[in-house]
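Remarks on the overall topology
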Amino acid sequence: MYTTKSVLGLTPVIRQLESIHLQRIVEIELFYPSGLLGNEKLNLLLLNDGQDAAGLNLQETLSSLYEDQKIEPVVVAAIRASEERLQEYGVAGVVDFASRGSKANSYSNFITLELMPYLEKETGMPFLGKRAFAGCSLGGLTAFDIVWKNDAFFDLAGVFSGSFWWRKKDLKDGYTDDDRIMHQVIRETEGKPPVKFWLMTGTEDETADRNRNFIIDSIDDTIDIIKELTKKGYKRQEDIFYYEMVGGKHNVATWSKALPSFLCWAFPRKTFL
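Every residue gets a number counted from 1 within its own chain, in the order that chain's sequence is written. Given that this is a predicted model, residues contribute local features only at a pLDDT of at least 70 and side-chain atom pairs are listed and counted only at 80 or more, while totals for whole chains, interfaces and linings are drawn from all residues. No hydrogens and no water enter the side-chain calculation; it runs on all heavy atoms of the structure.

1. Notes on the environment of Tyr107
Each helix is a run of H or I in the DSSP string that is no shorter than four residues. Each strand is a run of E no shorter than two, and both are numbered from the N terminus. Tracing the backbone shows Tyr107 in helix 3 (residues 104–123). Classification of Tyr107 as buried rests on a relative accessible area of 1%. It is 9.2 Å that separates the C-alpha atoms of Tyr107 and Thr142, two residues lying 35 residues apart in sequence. The contact rule is simple, with two residues in contact once any of their heavy atoms fall within 4.5 Å. Ignoring any residue separated from it by four or fewer positions in sequence, one finds Tyr107 in contact with Leu22, Asn48, Ile79, Glu88, Tyr89, Phe133, Thr142 and Ile146. Burial classes follow relative accessibility: with a 1.4 Å probe on protein chains only, a residue under 20% of its type's maximum area counts as buried, one over 50% as exposed, and anything between as partly exposed.

2. Notes on the side chain of Thr123
As for its placement among the helices and strands, Thr123 is situated in helix 3. On the basis of relative accessibility, which here comes to 4%, the residue Thr123 falls in the buried class. Distance and chemistry together define a polar contact, namely a pair of N or O atoms within 3.5 Å, with one atom able to donate a hydrogen and the other to accept it when in protein, and with adjacent residues in sequence counting only for side-chain atoms on both sides. Only 2.8 Å separates the side chain of Thr123 from the backbone oxygen of Leu119, close enough to count as a polar contact.

3. Thoughts on unusual backbone geometry
Backbone phi values are negative for most residues with the exception of glycine, while trans is the configuration of most peptide bonds. A positive phi is found at Gln69, a non-glycine position, where the angle reads about 55°. Mapping Gln69 onto the fold places it in the loop between helix 1 (58–67) and strand 4 (74–79). Residue Gln69 is classed as exposed on the basis of its relative accessible area of 51%. Positive phi is not limited to glycine here, since Arg212 has a value of about 55°. In this fold, Arg212 is placed in the loop between strand 7 (196–204) and helix 6 (217–232).

4. Considering the packing of helix 5 (residues 181–188) against helix 6
To define axes, lines are fitted to C-alpha atoms, for helices over the stretch in contact only, and angles between the resulting N-to-C directions are given on a 0 to 180 degree scale. Axis separation between helix 5 and helix 6 bottoms out at 10 Å; the angle between their running directions is 5°. By the angle between their axes, helix 5 is roughly parallel relative to helix 6. Contact with helix 5, carried on its side by Met182, His183, Ile186 and Arg187, involves Asp221, Asp224, Ile225, Glu228, Leu229 and Lys232 of helix 6 and no other residues of that element. Just so you know the grouping, Ala, Val, Leu, Ile, Met, Phe, Trp, Tyr, Cys and Pro go in nonpolar, Asp, Glu, Lys and Arg go in charged, and all remaining residues, Gly too, go in polar. Within the contact of helix 5 with helix 6, the residues separate by chemical class into 4 nonpolar, 1 polar and 5 charged. In these notes the angle categories are as follows: under 35 degrees is roughly parallel, over 145 is roughly antiparallel, 65 to 115 is roughly perpendicular, and the rest is oblique.

5. Digging into the packing of aromatic side chains
Side-chain rings of Phe, Tyr and Trp (the six-membered ring for Trp) are treated as a pair once their centres are within 6.5 Å; stacked means planes under 30 degrees apart, edge-to-face means over 60, and tilted covers the remaining angles. The final tally for this structure, using the stated rule, is 16 aromatic pairs. Centroid distance Phe144 to Phe164: 5.4 Å. Interplanar angle 85°. Geometry classified as edge-to-face. Here Phe144, found in helix 4 (residues 138–149), pairs with Phe164, found in the loop between strand 6 (156–160) and helix 5; they are 20 residues apart in sequence, far enough to count as distant. Residue classification places Phe164 among the buried residues on the basis of a relative accessible area of 1%. Ring plane angle 55° and centroid distance 6.1 Å describe the contact between Trp148 and Tyr234, whose orientation is recorded as tilted.

6. Regarding the state of the cysteines
Any pair of cysteine sulfurs within 2.5 Å is marked as a disulfide. The final tally for this structure, using the stated rule, is 0 disulfides. Of all cysteine sulfurs, the one in Cys264 lies closest to Cys136, which takes part in no disulfide; the gap is 16 Å. The exposure class of Cys136 is buried, given its relative accessible area of 8%.

7. Looking at the nonpolar core
Think of a nonpolar core as a cluster: buried Ala, Val, Leu, Ile, Met, Phe, Trp, Tyr and Cys residues, connected wherever their side-chain atoms sit within 4.5 Å. Ranked by internal contacts, the top residues of the largest apolar core, which has 52 residues, are Leu46 and Phe144. Leu47, Ala53, Ala132 and Trp198 belong to the second largest nonpolar core, which has 28 residues in total.

8. Points about helix 6
Here a helix's expected span is defined as the number of its residues, less one, multiplied by 1.5 Å. With 16 residues, helix 6 ought to run about 22 Å at 1.5 Å a step, and its terminal C-alpha atoms sit 23 Å apart, in line with that. Buried within helix 6 we find Asp217, Ser218, Ile219, Asp220, Asp221, Thr222, Asp224, Ile225, Ile226, Glu228 and Leu229. Considering only its buried residues, helix 6 is in contact with helix 4, helix 5, strand 7 and strand 8 (240–249).

9. Considerations on the pattern of salt bridges
Within this document, salt bridges are pairs made up of a side-chain nitrogen of Lys or Arg and a carboxyl oxygen of Asp or Glu, the two lying within 4 Å of each other. In the structure shown here, the tally under the stated rule is 21 salt bridges. Arg131 is paired through a salt bridge with Asp155; the nearest N and O atoms lie 3.6 Å apart. Separated by 24 residues along the polypeptide, Arg131 in strand 5 (residues 131–136) and Asp155 in the loop between helix 4 and strand 6 bring together distant segments of the chain. Exposure class is identical for Arg131 and Asp155. Each is buried. Among the salt bridges present, the one from Arg180 reaches Asp177, with a minimum N-O distance of 3.9 Å. Residue Arg180 is classed as buried on the basis of its relative accessible area, which comes to 5%. Taking the relative accessible area as the measure of exposure, Asp177 reaches 31% and is therefore partly exposed.

And the structure:
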């Protein structure tokens, strides 16, 4: 179900897309850059947990970065999660130890087969610039997984405090680090998808330290993702940017502070001398 095309502007608009794969109506909040002439190399950012867009100060941050000429034009599609978030998010095709993520494959299909073509039709322009997918917490893990497996659609993944702990076995059932699902997916993937990664954690994301190495699990799990990526041949700085925010917590307020860093990394304004 396609809705009427909107007028480009800084004011976000809500659109509803009837998904065959998810068998529900998906609400999307679209943020368009103003003043498009129609000949720009337009960028795209998909954002999971779009219901948090206001808390992330997304509109204000975009407006500020445009005003300061720090980013290129980017259409942002903030995808609002449903009550089945814990089933639709996760790693496609592999449920975790609590059987969460059972619809992650359907969500991935929604993104690639329904949302992407819908956005091009809605916007009226092809996305010839960078195409990124980002998210926070479990939404970040999901964005990473979809980008990793769909490099024909995406160039960049942005992960804020990603749930890279997502595992096949509970801690009390003989868990080892080999039970982490996304790490295993990276190891078992043939080749090296041509994508880049922006990852962040906060030093106060959590207090859990399952291996008692005095490093919280969220940092350990993210660093181990980076290690798996470097084994594949990705380079730090060139392909992988990692931001560890001192005092950062596992909440929207922290992620809103990190958002400008991600946007400037993903869609930097080109300067001409």
